[in-house]
Amino acid sequence: SQTIHQWPATLVQPVGSPLSLECTVEGTSNPNLYWYRQAAGRGLQLLFYSVGIGQISSEVPQNLSASRPQDRQFILSSKKLLLSDSGFYLCAWSVRERDTQYFGPGTRLTVL
Amino acid sequence: AQKVTQAQTEISVVEKEDVTLDCVYETRDTTYYLFWYKQPPSGELVFLIRRNSFDEQNEISGRYSWNFQKSTSSFNFTITASQVVDSAVYFCALSASNTDKLIFGTGTRLQVFP
């Protein structure tokens, strides 16, 4: 069966510091991968998605970037965090386009 | 434009009551998919159901049932005989326009009291 992992689970970072969140999927090959952000008390916003290694689509211009160095690894990064980057970051995968997306456990990021 | 509206921000019920969560969507596409996800306090989104636009049959899974009505662009979710473990935020989502993007509603927080 397929599983999706995210780490770290929680993170507290000062403003201006770098960020690296990691997501890995097991039990499937060539998945579509997604990064979402959920601000406190709000819905989910798609940040990035990837259909293959090195292929990244950005949905919202922001302070963040994403990379997919391996088939089942998806990384969310920032060179300098802003207060507004605080939130709950969720990674998801799907078998193909428009298929069901399955979500990981999430990373709760607090920028102080 | 694609849009999902969950007008109910928060619902409180007592255990064993039935509860319906509303979802209204907007899309001009003829082919689209609708989803419901559950987000318990732990934060992880749990997939509940996926329905395509050509299948208007209602679905029942245990205490959960879904009513899809294209005429009113609604995809409502009913929990029968609610339990405390049903307490969570529930999201309705839409995938349309030949894209992989999921458009989420703002969610409905359900609190079930013993």
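Since this is a predicted model, take the numbers as computed values, not measurements. (Residues numbered from 1 in each chain as written. Chains lettered and ligands numbered in written order. Predicted model: local features only at pLDDT ≥ 70, side-chain atom pairs only at ≥ 80, totals over all residues. Heavy atoms only, no water.)

## As for the overall build of chain B
In step 1: Counting its regular elements, chain B contains zero helices and twelve strands.
In step 2: In chain B, the succession of helices and strands from N to C terminus is β-β-β-β-β-β-β-β-β-β-β-β.
In step 3: For a compact globule of 114 residues, the expected C-alpha radius of gyration is about 13 Å, and chain B comes in at 14 Å, within 12% of that figure.
In step 4: For chain B, the C-alpha atoms occupy an extent of roughly 45 × 25 × 20 Å along the three principal directions.
In step 5: In chain B, buried positions account for 46% of the 114 residues.
In step 6: By sequence separation, contacts in chain B at least 24 residues apart represent 56% of the contacts at least 6 residues apart.
In step 7: When the accessible surface of chain B is split by element, carbon and sulfur atoms take 47% of a total near 5,600 Å².
In step 8: Looking at chain B, you have 10 positive and 13 negative side-chain charges, and the mean spots of the two groups are 4 Å apart. (Helix = DSSP H or I, 4+ residues; strand = E, 2+ residues; numbered from the N terminus. Rg over C-alpha atoms; globule rule 2.2 N^0.38 Å. Buried < 20%, exposed > 50% of the residue type's maximum accessible area, 1.4 Å probe, protein only. Contact = heavy atoms within 4.5 Å. Areas by Shrake-Rupley, 256 points an atom, 1.4 Å probe, with all protein chains shown as cover. Lys, Arg positive; Asp, Glu negative; His and termini not counted. Charge placed at Lys NZ, Arg CZ, Asp CG, Glu CD.)

## Observations concerning the overall build of chain A
In step 1: Along chain A, the regular secondary structure elements total zero helices and eleven strands.
In step 2: Secondary structure elements of chain A occur, N-terminal to C-terminal, as β-β-β-β-β-β-β-β-β-β-β.
In step 3: Expressed along its principal axes, the backbone C-alpha trace of chain A runs to roughly 35 × 25 × 20 Å.
In step 4: Buried positions account for 47% of the 112 residues belonging to chain A.
In step 5: A fraction of 55% describes how many contacts in chain A between residues 6 or more apart in sequence connect residues 24 or more apart.
In step 6: Counting every atom, chain A has about 5,300 Å² of accessible surface; 52% of that belongs to carbon and sulfur.
In step 7: With 9 positive and 7 negative side-chain charges, chain A shows a spacing of 7 Å between the two charge centroids.

## Description of the interface of chain A and chain B
In step 1: Listed by partner, the interface residues are 22 residues for chain A and 24 residues for chain B.
In step 2: Where chain A abuts chain B, roughly 1,800 Å² becomes buried across the two surfaces, and 51% of that area is made up of carbon and sulfur atoms.
In step 3: Broken down residue by residue, the surface that chain A buries against chain B is led by Leu44, Arg98 and Phe103 of chain A, which jointly contribute 40%.
In step 4: At the junction of chain A and chain B, the tally comes to one salt bridge.
In step 5: Between Lys101 of chain B and Glu59 of chain A there is a salt bridge, with its nearest N and O atoms 3.1 Å apart.
In step 6: Secondary structure elements with two or more residues in the side of chain A that touches chain B: strand E4 (32-38), strand E5 (44-52), strand E9 (87-94) and strand E10 (102-103) of chain A. (Buried area = accessible area lost by both parts, 1.4 Å probe. Salt bridge = Lys/Arg side-chain N within 4 Å of Asp/Glu carboxyl O.)

## Notes on the nonpolar core
In step 1: Counting 25 residues, the largest nonpolar core has Trp36, Trp66, Phe77, Tyr90 and Leu110 of chain B as its most contacted members.
In step 2: Of all the secondary-structure elements, those providing two or more residues to this core are strand E2 (10-14), strand E3 (19-21), strand E5 (33-39), strand E6 (46-52), strand E8 (64-69), strand E9 (74-79), strand E10 (88-95) and strand E12 (108-113) of chain B.
In step 3: The dominant element in this core, judged by the number of residues it contributes, is E10 of chain B, at four residues.
In step 4: Counting residues in hydrophobic clusters, the runner-up holds 19 residues, among them Leu21, Val25, Tyr89 and Leu109 of chain A. (Core = buried A, V, L, I, M, F, W, Y, C linked by side-chain atoms within 4.5 Å.)

## Observations regarding the sheet that holds strand E3 (residues 19-26) of chain A
The strands making up a sheet are joined through hydrogen bonds of the backbone, oriented either antiparallel or parallel.
All names here are of chain A.
In step 1: One open sheet holds the four strands; their spatial order is E1-E3-E8-E7, and the pairing between them is antiparallel. Strands at the two margins of the open sheet, each flanked by one partner only, are strand E1 (3-7) and strand E7 (65-70). Each strand axis lies, on average, 20° off the axis of its neighbour in the sheet, ignoring direction.
In step 2: Sheet topology places E3 next to strand E8 (residues 73-78); six bridges connect them, and they run antiparallel. (Pairing = 2+ DSSP bridges. Axes fitted to C-alpha atoms, helices over the stretch in contact; angles between N-to-C directions.)

## Looking at the pairing of E2 of chain B
Residue and element names in this part refer to chain B.
In step 1: Residues Ile11 and Val13 of E2 are buried on one face, while the alternating residues Glu10, Ser12 and Val14, pointing to the opposite face, are not.
In step 2: The pairing of E2 with E12 spans five bridges and is parallel. Bridged to Ile11 within E12 is Leu110.

## Looking at the state of the cysteines
All names here are of chain A.
In step 1: In the structure shown here, the tally under the stated rule is two disulfides over all chains.
In step 2: Between the sulfur atoms of Cys23 and its disulfide mate Cys91 the distance is 2.0 Å. Judged by the torsion about the S-S bond (-75°), the Cys23/Cys91 disulfide is left-handed. Of this pair, Cys23 sits in strand E3 while Cys91 sits in strand E9, and the two are 68 residues apart along the sequence.
In step 3: For Cys23, a relative accessible area of 1% corresponds to the buried category. (Disulfide = S-S within 2.5 Å.)

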